[in-house]
Amino acid sequence: MNRTDRRAVADVEPPQVREGFRAAMAQLAGGVVVVTTEDADGRPYGFTATSFCSVSMDPALVLVCLAETSSSYEAFMDCRGFAVSLLGQEQRALATRFATTGADKFRAEDTVTTPRLLPAVEGALAVLDCDVYARHPAGDHIILVGAVRHVLPGRGEPLVYHDRAFQQLRHPEHPRLPRP
């Protein structure tokens, strides 16, 4: 389906479907990631996303969706690889910065380099260093599928996005069982 055909399908949707869909998706909680790459001249690009998930264990594949209107779109359409930084709850400001067009996203104190020399987020819960495996057009987004080449593990509580706001997970208090 080409871009014109996709737009024609979207035009058939009544406005209440679009608004209902947007409201329904706001109720789906998602982890927050920052996706980063460099262009051919070595300039870093990145964006915040919640549309991220694992695809396959063998091979290790992940996917993330990027809007065609993103200022990072061209860089990600041309890149060979990208890094996905899974954010912790203390990284709300950083998530907001990477979601803001024109912001100074890459600050030395918040940036590390992956084994394959891609920019990534310092202190992330984990960083996945990926080769581009595939790109698929989908509506007004592109689905980037990455083949994971390196994993930089970390620990902590995840940053979650739900109902159009960052949230913290609430852990129910569980009494500890006595050790035998």
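Residues numbered from 1 in each chain as written. Predicted model: local features only at pLDDT ≥ 70, side-chain atom pairs only at ≥ 80, totals over all residues. Heavy atoms only, no water.

**Let's talk about the overall build of the protein**
We apply this condition: Numbered from the N terminus, helices here are DSSP runs of H or I no shorter than four residues, and strands are runs of E no shorter than two. Only protein chains enter the accessibility calculation, which uses a 1.4 Å probe; a residue whose area is less than 20% of its type maximum is buried, one above 50% is exposed, and one in between is partly exposed. Contacts were defined at the residue level, with two residues in contact if any of their heavy atoms lie within 4.5 Å. For the accessible areas, the method is Shrake-Rupley and the probe is 1.4 Å, while residue cover comes only from the protein chains on display.
Helix and strand content of the protein: four helices and twelve strands. Scored against the burial criterion, the 180 residues of the protein give a buried share of 33%. Contacts in the protein between residues at least 24 apart in sequence constitute 63% of all its contacts with a sequence separation of at least 6. Of the accessible surface of the protein, which amounts to about 11,300 Å², a share of 55% is contributed by carbon and sulfur atoms.

**Considering the environment of alanine 124**
Along the chain, alanine 124 turns up in the loop between β8 (119–121) and β9 (126–138). Of the residues examined, alanine 124 reaches a relative accessible area of 13% and is grouped as buried. Those residues in contact with alanine 124 that sit more than four places away from it in its chain are Ser85, Leu86, Gln91 and Gly154.

**Notes on the packing of aromatic side chains**
What counts here: Two rings from Phe, Tyr or Trp (for Trp, the six-membered ring) form a pair when their centres sit within 6.5 Å of each other. Planes less than 30 degrees apart are called stacked, planes more than 60 degrees apart edge-to-face, and all others tilted.
Considering all chains together, one arrives at three aromatic pairs under this definition. Judged by centre distance (5.1 Å) and plane angle (85°), the rings of phenylalanine 98 and phenylalanine 106 are edge-to-face. Ring plane angle 70° and centroid distance 5.3 Å describe the contact between tyrosine 161 and phenylalanine 166, whose orientation is recorded as edge-to-face.

**Topic: unusual backbone geometry**
Geometrically, the link from aspartate 58 to proline 59 is a cis peptide bond, its omega value of 5° lying close to zero. With respect to the element layout, proline 59 can be found in the loop between β4 (52–57) and β5 (60–67). Notably, leucine 117 is not glycine yet its phi reads approximately 70°, a positive angle. A relative accessible area of 61% means that leucine 117 is categorised as exposed.

**Overview of the side chain of threonine 36**
Worth spelling out the cut-off: We call two N or O atoms a polar contact when they sit within 3.5 Å, provided that within protein one can donate a hydrogen and the other can accept it, with sequence-adjacent residues counted only if both atoms are side-chain atoms.
If you trace the backbone, threonine 36 turns up in strand β2 (residues 33–38). What makes threonine 36 buried here is its relative accessible area of 1%. In this structure the side chain of threonine 36 is engaged in a polar contact, spanning 2.4 Å, whose partner is the backbone oxygen of proline 119. Setting aside its immediate chain neighbours within four residues, threonine 36 contacts Tyr45, Gly46, Phe76, Phe82, Ala83, Phe98, Phe106, Pro119 and Ala120.

**Concerning the nonpolar core**
Selection rule: Put simply, buried Ala, Val, Leu, Ile, Met, Phe, Trp, Tyr and Cys residues joined by side-chain atoms within 4.5 Å make one nonpolar core.
In terms of nonpolar packing, the biggest core is built from 17 residues, with Val35, Phe47, Val64, Phe76 and Phe82 touching the most fellow members. Secondary-structure elements contributing two or more residues to this core are β2, β3 (44–49), β5, α3 (73–78), β6 (81–86), β9 and β10 (141–153). Discounting chain neighbours no more than four positions away, the residues touching valine 64 are Val35, Phe47, Ala49, Ser51, Phe52, Phe82, Ile142, Ile143 and Leu144. Counting 13 residues, the second-largest nonpolar core is a separate cluster that includes Leu87, Leu118, Val121 and Ala124.

**Comments concerning the pairing of β10**
Test applied: A pair of strands is treated as paired once DSSP finds two or more bridges between them.
Pairing geometry for β5 and β10, over seven bridges, is antiparallel. If you follow leucine 66 over to β10, its bridge partner there is isoleucine 142. As judged from the twelve bridges shared by β9 and β10, these two strands associate in the antiparallel manner. Paired with valine 132 across the strands is glycine 146, a residue of β10. Hairpin connection of β9 to β10: two residues between the antiparallel strands, including glycine 139 at a positive phi of 60°.

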